[in-house]
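Spelled out from the first residue to the last, the chains are:
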Amino acid sequence: MMSTWDAEKIRADFPILQTEVNGKPLVYLDNAASSQVPQAVIDRTSKYLAEEHSNIHRGVHYLSQHATTAYEAAREKVKRFISAPDVNCCIFVRGTTEGINLVAQSYGKGFINEGDEILVSQMEHHSNIIPWQVVAEERKAVLRVIPMNERGELVIEEYDKLLNERTKIVAVGHVSNALGTVNPVKEMIATAHKFGVPVCVDAAQSVPHFPVDVQDLDADFFVFSGHKMFAPTGSGVVYGKREWLDKMPPYQTGGSQIRTVSFEKTTYAPLPAKFEAGTPAIAAGIGLGAAIDYLNSIDFEAAARYEHELLEYATERLGDIPEVTIIGNAAHKASVLSFTIEGIHPHDIGTILDQQGIAVRAGHHCAQPVMQFFDVPATARASFAFYNTREEVDKLVDAVQKVIEVFA
């Protein structure tokens, strides 16, 4: 049964989708890198900058009070959106990368020692590999890798074997940015918890595409960016269980996150301030709250179903072209369609598609171990949002045929 989702009505909410590129209507298929921003979010961010701009917390004047109220209201919206149990366990950061660095450095200092093991998966984005590598080097720990199969799915039996009493944390992506694979994180978390091991979930590619509930997942840490979920750049969230966050030392230090300072000793403020040193990205945080308002105003579950149908349609259409190889054929996928064309470099694919007004990503997608596994230098990646259409998929397929003709 086809979904009744009205993509054309939704598209009217996103002004950039009216743009022309090289004389052709923009077909924006780079949502895994950054999604576009609806007018409601643009308006709310502009309102803050035009009418409320002031530094937050501690200010007693009118503007500071207004800005503080708006910023903290956004944190409350985040709590409800991911079903977090405690608003003070939702920490604002600039994005997923900063969030994972916060968890890795802070948890690492507190809990990882020589000979301990850190588990990451073979399909992780670099930002969920390198911070853990750095911690492993600093703490003389060992990084272990959960392998994947040729379909681009984690080999869960091998994951089960890797867990042991030396494992101190598991870091895994909810959805692969390079393959679109939806990993069974709920089951992986349950298995890790049998060993008392916490799990850090990189949710950058899941939160924009389907509803999530951190309590249902039982995630210890859950990290995502605003700019992939219709908010401005510079916004992001680390949700962490209080039992961990209370014990972890601050990631950065300075203003805002202190209780008392003297030259002899400093004491830190309670959560979330303890992890929020300095002036935050206030406009971006308020914009993230507005993006959540927007997602709450649409039928997000229907949007997710529609997006999945779009992905299946695109997979079928591109899969019918003999020269095209789809990289990543997991049984459960979201949003992402990575592919190669025989004998043509992905950068050339991306360039010719751009001439047709089609925006895709070409490269290793900050996932070089994935490229090494599939023995390709790079892929072209089309990634979808609920404002994309079947007509846009058809334009992508026609443009891919043109690429093949140009290089024939």
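Reading the values: the criteria
- Residues numbered from 1 in each chain as written.
- Predicted model: local features only at pLDDT ≥ 70, side-chain atom pairs only at ≥ 80, totals over all residues.
- Heavy atoms only, no water.
- Buried < 20%, exposed > 50% of the residue type's maximum accessible area, 1.4 Å probe, protein only.
- Helix = DSSP H or I, 4+ residues; strand = E, 2+ residues; numbered from the N terminus.
- Pairing = 2+ DSSP bridges.
- Axes fitted to C-alpha atoms, helices over the stretch in contact; angles between N-to-C directions.
- Contact = heavy atoms within 4.5 Å.
- Phe/Tyr/Trp six-rings, centres within 6.5 Å; stacked < 30°, edge-to-face > 60°.
- Lys NZ or Arg CZ within 6 Å of the ring centre and 35° of its normal.
- Core = buried A, V, L, I, M, F, W, Y, C linked by side-chain atoms within 4.5 Å.
- Lys, Arg positive; Asp, Glu negative; His and termini not counted.
- Salt bridge = Lys/Arg side-chain N within 4 Å of Asp/Glu carboxyl O.
- Arc of directions from axis to C-beta.
- Expected span 1.5 Å × (residues − 1).
- Parallel < 35°, antiparallel > 145°, perpendicular 65-115°, else oblique.
- Left-handed = near helix turned anticlockwise from the far one by under 90°.
- Nonpolar A, V, L, I, M, F, W, Y, C, P; charged D, E, K, R; others polar.

**Q** Is there a simple way to explain the pairing of strand β4 (residues 90-93) in this structure?
**A** Working note: regular strand, side chains alternate between the two faces of the sheet. Both faces of β4 are covered, namely the face carrying Cys90 and Phe92 and the face carrying Ile91 and Val93. Note: β4 against strand β10 (residues 236-240), four bridges, orientation antiparallel. The residue of β10 that forms the bridge with Ile91 is Val238.

**Q** Explanation requested: the sheet that holds strand β6 (residues 142-146) in the structure shown.
**A** What holds strands together in a sheet is hydrogen bonding between their backbones, with the strands either parallel or antiparallel. The seven strands lie next to each other as β4-β10-β9-β8-β7-β5-β6, forming an open sheet whose pairing is mixed. Sheet topology places β4 and β6 at the edges, where each strand pairs with a single neighbour. The average undirected angle you get between the axes of adjacent strands in this sheet is 20 degrees. Summarising the sheet, strand β7 (residues 167-173) and strand β8 (residues 199-202) pair through four bridges and their orientation is parallel. Following the sheet pairing, Val172 is matched in β8 by Val201.

**Q** Please clarify how the sheet that holds strand β14 (residues 336-341) should be interpreted in this entry.
**A** Pairing in this open sheet of four strands is antiparallel, and the strands run β13-β14-β17-β16 from one edge to the other. Every other strand in the sheet has two partners, leaving β13 (324-327) and β16 (361-363) as the edge strands with one partner each. Recorded for the sheet is a direction-independent mean angle of 30 degrees between the axes of neighbouring strands. Relative to strand β17 (residues 379-383), β14 runs antiparallel, the two sharing four bridges. Considered in β17, the bridge of Phe339 is made with Ala380. Running over the sheet, helix α11 (residues 300-319) touches β13 and β14 and is turned about 10 degrees from β14.

**Q** Help me understand the packing of aromatic side chains in this model?
**A** Given two aromatic rings, their pairing is described by the distance between the two centres and the angle made by the two planes. For the coordinates displayed, the defined rule picks out 17 aromatic pairs. Measuring from centroid to centroid gives 6.1 Å for Phe222 and Phe224, while their planes differ by 65 degrees, and the two rings are edge-to-face. Judged by relative accessible area, Phe222 falls into the buried class, the value being 0%. Pairwise contacts between aromatic rings join Trp5, Phe14, Phe230, Tyr294, Tyr306, Phe386 and Tyr387 into one cluster. The lysine or arginine in question, Lys247, covers the ring of Trp244, its NZ or CZ lying 5.7 Å from the ring centre.

**Q** Explain the side chain of Gln105 here, please?
**A** Here Gln105 shows up in helix α4 (residues 96-111). Excluding anything up to four places from it in sequence, Gln105 contacts Val134, Val135, Glu138 and Tyr251.

**Q** In this structure, what is going on with the pairing of strand β9 (residues 221-225)? I would like to understand it.
**A** Burial of β9 is extensive: five of the five residues sit out of reach of the surface. The side-chain alternation of β9 yields two buried faces, one formed by Phe221, Val223 and Ser225 and the other by Phe222 and Phe224. Alignment of β8 against β9, held across three bridges, turns out to be parallel. Within β9, the residue paired with Asp202 across the bridge is Val223. Note: β9 against β10, five bridges, orientation antiparallel. Of the residues in β10, the one forming a bridge with Phe221 is Gly240.

**Q** How do you make sense of the nonpolar core when you look at a structure like this?
**A** Inside soluble globular proteins, nonpolar side chains tend to come together where they are buried. Ranked by size, the top nonpolar core spans 134 residues in total, and within it Ile82, Trp132, Phe222, Phe386 and Val400 carry the most contacts. Here this core takes ten residues from α11, the largest share from any one element. Excluding anything up to four places from it in sequence, Ile82 contacts Val212, Asp213, Val214, Phe222, Phe224 and Tyr239.

**Q** Would you mind going over the side chain of Asp202 with me for this structure?
**A** Tracing the backbone shows Asp202 in strand β8. There is no salt bridge for the buried Asp202, and the closest opposite charge comes from Lys228, which lies 8.2 Å off by N-O distance. Non-local contacts of Asp202, meaning those with residues more than four positions away in its chain, are made with Thr96, Ile100, His125, Asn128, Val172, Gly173, His174, Val175 and Val223.

**Q** Where do I start with the environment of Thr45 in this structure?
**A** The topology assignment puts Thr45 in helix α2 (residues 39-52). Given the relative accessible area of 12%, Thr45 is considered buried. Those residues in contact with Thr45, other than ones at most four positions away along the chain, are Pro232, Ala283 and Gly287.

**Q** I keep staring at helix α7 (residues 185-194) and nothing clicks. Help me out?
**A** In an α-helix, one turn spans 3.6 residues; hence positions three or four apart end up facing the same way. Considered for burial, the residues of α7 that qualify are Val185, Met188, Ile189, Thr191 and Ala192. Taken around the axis of α7, the buried residues stretch over an arc of 165 degrees, which confines them to a single face. Tucked into the core, α7 has its buried residues touching β6, α6 (156-162), β7, β8 and α8 (214-217). Among the residues trailing α7, Gly196 stands out with phi positive, at a value near 70 degrees.

**Q** Any chance you could explain helix α10 (residues 282-297) here in plain terms?
**A** Helix length check: α10 (16 residues) gives 23 Å between terminal C-alpha atoms against 22 Å at 1.5 Å per residue, within 8%. The element α10 is largely enclosed, with a buried count of 13 among its 16 residues.

**Q** Where do I start with the packing of α2 against helix α3 (residues 62-81) in this structure?
**A** The axes of two packed helices give the description: the angle between them and the distance between them. Running from amino to carboxyl end, α2 crosses α3 at an angle of 160 degrees, the nearest separation of the two axes being 10 Å. Comparing their axes, α3 and α2 come out roughly antiparallel. Crossing handedness for the pair α2 and α3: left-handed. Of the residues in α3, those touching α2 at Arg44, Tyr48, Glu51 and Glu52 are Leu63, His66, Ala67 and Ala70. The class makeup of the residues in the contact of α2 with α3 is four nonpolar, one polar and three charged.

**Q** Would you mind showing me how to read the pattern of salt bridges here?
**A** Opposite charge on two side chains permits pairing when their charged atoms draw close. Taken as a whole and assessed by the stated rule, the structure comprises 22 salt bridges. Here Asp30 ties to Arg381 by a salt bridge, and the two come within 3.7 Å at their closest N and O atoms. A residue pair is termed long-range when its members are at least 10 positions apart, and Asp30 in the loop between β3 (27-28) and α2 and Arg381 in strand β17 qualify at 351 residues. With a shortest N-O distance of 3.6 Å, Lys168 and Asp116 are connected by a salt bridge. Highlighted residues: Lys168 in strand β7 and Asp116 in the loop between α4 and β5 (117-121), separated in sequence by 52 residues. For Asp116, a relative accessible area of 10% puts it in the buried group.

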